[in-house]
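Remarks on the overall topology
Now for the letters of each chain:
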Amino acid sequence: MSERERKRRGGTTARRQARELAFKVAYQGALTGDGYAATWTAVGAEAPLSDDQRELVDDVVKLLDASVAEVDAALAAACAHWPLERLAATDRSVLRVAV
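First, a word on scope: everything that follows refers to the structure included in this document.

Now for the overall build of the protein. A count of helices and strands for the protein gives 5 helices and 0 strands. Counted from the first residue to the last, the protein has its helices and strands arranged as α-α-α-α-α. Residues classed as buried in the protein amount to 29% of the 99 residues present. Of the contacts formed within the protein by residues at least 6 apart in sequence, a portion of 55% connects residues at least 24 apart.

This is the structure we're talking about:
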């Protein structure tokens, strides 16, 4: 099966794998309180990633480390009638990575 065919059928692409790892880092970092950079250092050492994948996760982690308060403020504004703390931890992490 060609790469194009695999993508069309919903196969896992390299960027999708990187986004999934970014979510895992965001979730684990928030849940344990260890911080995003420390979590990425621990998780990233074990992950078999290409340079492009590492760069994508690095960018997300740097953004979260530098401005998670701003990201959360944007999410809170979008969830006007629903406190951010009431969102499930997985949902908050997905939204943080998406912003």
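This next bit is on helix α5 (residues 89-98). Those residues of α5 that sit buried are R92, S93 and R96. On an axial view of α5, the arc spanned by its buried residues comes to 100°, and they lie on one face. If you follow the buried residues of α5, they end up packed against α2 (14-32), α3 (36-44) and α4 (51-78).

About the cut-offs
Residues numbered from 1 in each chain as written. Predicted model: local features only at pLDDT ≥ 70, side-chain atom pairs only at ≥ 80, totals over all residues. Heavy atoms only, no water. Helix = DSSP H or I, 4+ residues; strand = E, 2+ residues; numbered from the N terminus. Buried < 20%, exposed > 50% of the residue type's maximum accessible area, 1.4 Å probe, protein only. Contact = heavy atoms within 4.5 Å. Arc of directions from axis to C-beta.

That's the geometry; what it means functionally is another story.
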